[in-house]
Amino acid sequence: MKRMICALLAVALLSGCAAHTAAAAAAVSAPEDPIVVGYCQTGAESDWRVANTESMKSAFSEENGYELIYCDAQNKQENQIRDIRRLIQQQVDYIVLSPITEDGWDEVLQEAKDAHIPVIITDRFVHVSDASLYAAYVGSDFRKEGDTAMQWLDTYLTGYGRTGETIHIVELQGTLDSTAQLGRTAGLEAAVEKHTNWALDRQVCADFTTAKATEVMRQVLAQGQPIDVLICQNDNMALGAMQALDEAGVSYGGKNGMLLISFDATNAGLTACLAGKIALDVECNPLQGPYAEAIVRQLEAGEQPEKELYVDETSFDFRAITQALIDSRLY
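Below: a short report on this structure. (Residues numbered from 1 in each chain as written. Predicted model: local features only at pLDDT ≥ 70, side-chain atom pairs only at ≥ 80, totals over all residues. Heavy atoms only, no water.)

The subject of this paragraph is the overall build of the protein chain. When its secondary structure is counted, the protein chain shows 12 helices and 12 strands. Residue burial in the protein chain is summarised as follows: out of 331 residues, 50% are buried. Pairs at least 24 apart in sequence give 73% of the contacts found in the protein chain among residues at least 6 apart. (Helix = DSSP H or I, 4+ residues; strand = E, 2+ residues; numbered from the N terminus. Buried < 20%, exposed > 50% of the residue type's maximum accessible area, 1.4 Å probe, protein only. Contact = heavy atoms within 4.5 Å.)

Let's shift gears to unusual backbone geometry. Backbone geometry follows two general trends: most residues other than glycine have a negative phi, and most peptide bonds adopt the trans configuration. The residue Asn75 is not glycine, and still its phi comes out positive at about 60°. Positionally, Asn75 belongs in the loop between β2 (66–72) and α4 (77–89). Residue classification places Asn75 among the partly exposed residues on the basis of a relative accessible area of 35%. Even without glycine at this site, Asp123 takes up a positive phi of about 65°. Within the secondary structure layout, Asp123 lies in strand β4 (residues 119–123).

So, about the sheet that holds strand β3 (residues 94–97). Ordered in space as β2-β1-β3-β4-β5-β11, the six strands form an open sheet in which the pairing is parallel. The sheet is open, and its two borders are formed by β2 and β11 (308–310), each paired with just one other strand. When the angles between neighbouring strand axes are averaged without regard to direction, this sheet yields 20°. On top of the sheet, helix α3 (residues 47–59) reaches β1 (35–41), β2, β3 and β4; it is set at about 175° to β1, its chief contact. (Pairing = 2+ DSSP bridges. Axes fitted to C-alpha atoms, helices over the stretch in contact; angles between N-to-C directions.)

Right, let's get into the packing of aromatic side chains. By the definition in use, this model includes eight aromatic pairs. For the ring pair Phe125 and Tyr134, a centre distance of 6.0 Å and an interplane angle of 80° mean the geometry is edge-to-face. Looking at Tyr134, the relative accessible area reads 7%, which means it is buried. Over the aromatic face of Tyr134 sits the side chain of Lys307, whose NZ or CZ is 4.2 Å from the ring centroid. Taking NZ or CZ as reference, Arg329 lies 4.8 Å from the ring centre of Tyr331, over its face. (Phe/Tyr/Trp six-rings, centres within 6.5 Å; stacked < 30°, edge-to-face > 60°. Lys NZ or Arg CZ within 6 Å of the ring centre and 35° of its normal.)

Relative to the helices and strands, Asn52 is located in helix α3. Asn52 has contacts with Tyr39, Gln41, Ser98, Pro286 and Gln288, leaving out every residue within four places of it along the chain.

Another aspect to go through is helix α5 (residues 106–114). Because the α-helix completes a turn every 3.6 residues, residues three or four places apart line up on one side. Among the residues of α5, those classed as buried are Val108, Leu109 and Ala112. When α5 is viewed along its axis, its buried side chains cluster within an angular range of 100° and face the same direction. The exposed residues of α5 that point more than 90 degrees off its buried face are Glu107 and Asp114. Each element contacted by the buried residues of α5 is listed here: α4, β3 and β4. (Arc of directions from axis to C-beta.)

As a further point, take the nonpolar core. Formed by 77 residues in total, the largest nonpolar core has its most connected members in Leu172 and Leu230. Sequence-distant contacts of Leu230, that is, excluding residues within four places in its chain, are made with Val170, Leu172, Met217, Ala241, Leu245, Met258, Leu259, Leu260 and Ile261. In terms of nonpolar packing, the next biggest core, distinct from the first, is built from 16 residues, Met56, Val138, Val296 and Val311 among them. (Core = buried A, V, L, I, M, F, W, Y, C linked by side-chain atoms within 4.5 Å.)

Time to look at the sheet that holds strand β6 (residues 167–173). Strand order in the open sheet made by the six strands is β7-β6-β8-β9-β10-β12, with mixed pairing throughout. Strand pairing shows two members of the sheet lacking a second neighbour, β7 (198–205) and β12 (315–317), which therefore form its edges. Averaged over neighbouring strand pairs, the angle between their axes works out to 15° when direction is ignored. Packed onto the sheet, helix α6 (residues 142–159) meets β6, β7, β8 (229–232), β9 (259–264), β10 (280–283) and β12 and runs at close to 155° relative to β9.

Everything listed here is a matter of geometry and, on its own, says nothing about what the molecule does.
Take a look at the structure:
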């Protein structure tokens, strides 16, 4: 690692040439080299992702004693694997990885472990054969997010006396096999299993993007099937779906229209919630940089961090949200 190499060189200078004692002492007393962190981000597909990236860049800043090498995988796992290998070659001190999907990481994470570079997983989880291949995970409890949304839906429908009618549900999913998609879908499917009158009619991937959501929502609407509840696995997809709904003249948001449930709680999503267009927005907290930076500090101190750390999150009901609450938030 860069800082270790510098330290060894300093020792060699001290022991190898007494005539240069003063110069060597000055080198040793110089400020410590920055901690070099390689950050492998999925891409910039959503407002949430942009906020997540900015949080990481702020936490691993030069002012905080870091040199950050940022890698944008453009939503391709093969790019992330390539980026990790390049970071290993550069002998970074730590790698922070926000994985696109959960599987397919054993080989490259083993390479990082062999190079003695701790890997911190953020946002989405990884399935690996050996948990020691990563130092810690920090992110959201996506299954809990899904359960939160479904508990709200159950309470809402019960409150309006809709327990006896068939509830037709459509889900716009994010990137398939990502932790966010798997957890939120699992919460929905478990709730459907418990409610005999809930019908999960369609599940369509829209890759967490606005444009894709508009496209697939137009296709869903063209089939002419009833939709009582539309679940979008992030705000960008909700905004895209709303565009298609507006084009088709479909009523949504509130007691008499289609219920739209979203995730992320970005500024745009909460603004739509305040307008009554999104009925419920479940927070997915992107401000994970300070959590990841704290883990690096623990590892630097020789401490063992918690293996899994979940960020604090809440949810927002269109009947209770205010502009002041939106203005008070950081993203």
